[in-house]
Amino acid sequence: MTENNYKLEKEYKIPFEIFREGYITFQKKFVFPQANITALSFLLLAVIFVVAIVDDTSQYFAYLLLMVCIAMAFRQWYNPRKLRHSLFETFQTMEETVYKLSISDNCAYISTVCTQNVENSTNDEENSDEDYTSEPFPEKSCINFDENFSMLEYEKFFLMFSGKTIFYIIPKENFSENELEILRNLK
């Protein structure tokens, strides 16, 4: 597809605060409901094993299963939070990454344009070419506008979804009103 067929092409950066808010929103919509249901299921099983222990204290297997259920419930509650913390730390090292959004009639492409190399970064204009990595970037991600596509708008960003596992955060701050209207019409 040639560049002339795009309705919108825009390069942007994602500030950490917007990434943080967007990822928490994604977790609240897709991750936490399932994790909470699973954790509650394990806690319900734990209650059943507590009843079995109260009825017959010689049920050593029930003690073991009780501990396993409590551990699994804690794991279901803790893992999404641990992942979020780890992802935030990683993103802070990549905050200067520049992304490119290209929207056509039937899909959107998101790609990485450049990443600032923090170790070799300088403020000198003559070294500005060395501020960016020269490693090849991955292929463009293509998000088809099909039954799996959805777009949610929030005060500071859009969340673009493809299914329940792939999402992109698109900050509003550098988009003009016409460009924002193109994004709103993708819904």
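Residues numbered from 1 in each chain as written. Predicted model: local features only at pLDDT ≥ 70, side-chain atom pairs only at ≥ 80, totals over all residues. Heavy atoms only, no water.

Of the pairings in the sheet, the one linking strand β2 (residues 98–103) to strand β3 (residues 107–114) comprises 6 bridges and is antiparallel in character. Counted as the bridge partner of S102 is Y109 from β3. Two successive antiparallel strands, β2 and β3, enclose a turn made up of 3 residues. Taken together, the 4 bridges between β3 and strand β4 (residues 141–144) define a ladder with antiparallel strand orientation. Bridged to C107 within β4 is N144. (Pairing = 2+ DSSP bridges. Helix = DSSP H or I, 4+ residues; strand = E, 2+ residues; numbered from the N terminus.)

A word on the sheet that holds β3. Reading across from one edge, β1-β2-β3-β4 is the order of the 4 strands in this open sheet, with antiparallel pairing throughout. At either end of the open sheet lies a strand with only one pairing partner, and these are β1 (8–12) and β4. In this sheet, neighbouring strand axes are inclined to one another by 20 degrees on average, regardless of whether the strands run parallel or antiparallel. Packing against the sheet, helix α3 (residues 177–184) makes contact with β1 and β2, and its axis sits at approximately 110 degrees to β1. (Axes fitted to C-alpha atoms, helices over the stretch in contact; angles between N-to-C directions. Contact = heavy atoms within 4.5 Å.)

Now for the packing of helix α1 (residues 16–55) against helix α2 (residues 60–93). At a minimum axis separation of 7 Å, α1 and α2 run at an interaxial angle of 175 degrees. The angle between α1 and α2 falls in the class roughly antiparallel. A per-class count over the contact of α1 with α2 returns 29 nonpolar, 4 polar and 3 charged. (Parallel < 35°, antiparallel > 145°, perpendicular 65-115°, else oblique. Nonpolar A, V, L, I, M, F, W, Y, C, P; charged D, E, K, R; others polar.)

A few words now on the pairing of strand β7 (residues 166–171). Every regular strand shows the same layout, with side chains that alternate between the two sheet faces. Counting buried residues in β7 gives 5 out of 6 residues, a clear majority hidden from the surface. Across 6 bridges, the pairing between strand β6 (residues 157–162) and β7 is antiparallel. Bridging from a neighbouring strand, F157 pairs with P171 of β7. Adjacent in sequence and paired antiparallel, β6 and β7 are bridged by 3 residues, among which G163 carries a positive phi angle near 75 degrees. (Buried < 20%, exposed > 50% of the residue type's maximum accessible area, 1.4 Å probe, protein only.)

Moving on, we come to the packing of aromatic side chains. What the rule picks out here adds up to 20 aromatic pairs. When the ring of F19 is compared with that of F88, the centres are 6.1 Å apart and the planes differ by 75 degrees; the resulting orientation is edge-to-face. Separated by 69 residues along the polypeptide, F19 in helix α1 and F88 in helix α2 bring together distant segments of the chain. A relative accessible area of 9% means that F88 is categorised as buried. With 6.0 Å between their ring centres and 35 degrees between their planes, Y23 and F26 make a pair best called tilted. (Phe/Tyr/Trp six-rings, centres within 6.5 Å; stacked < 30°, edge-to-face > 60°.)

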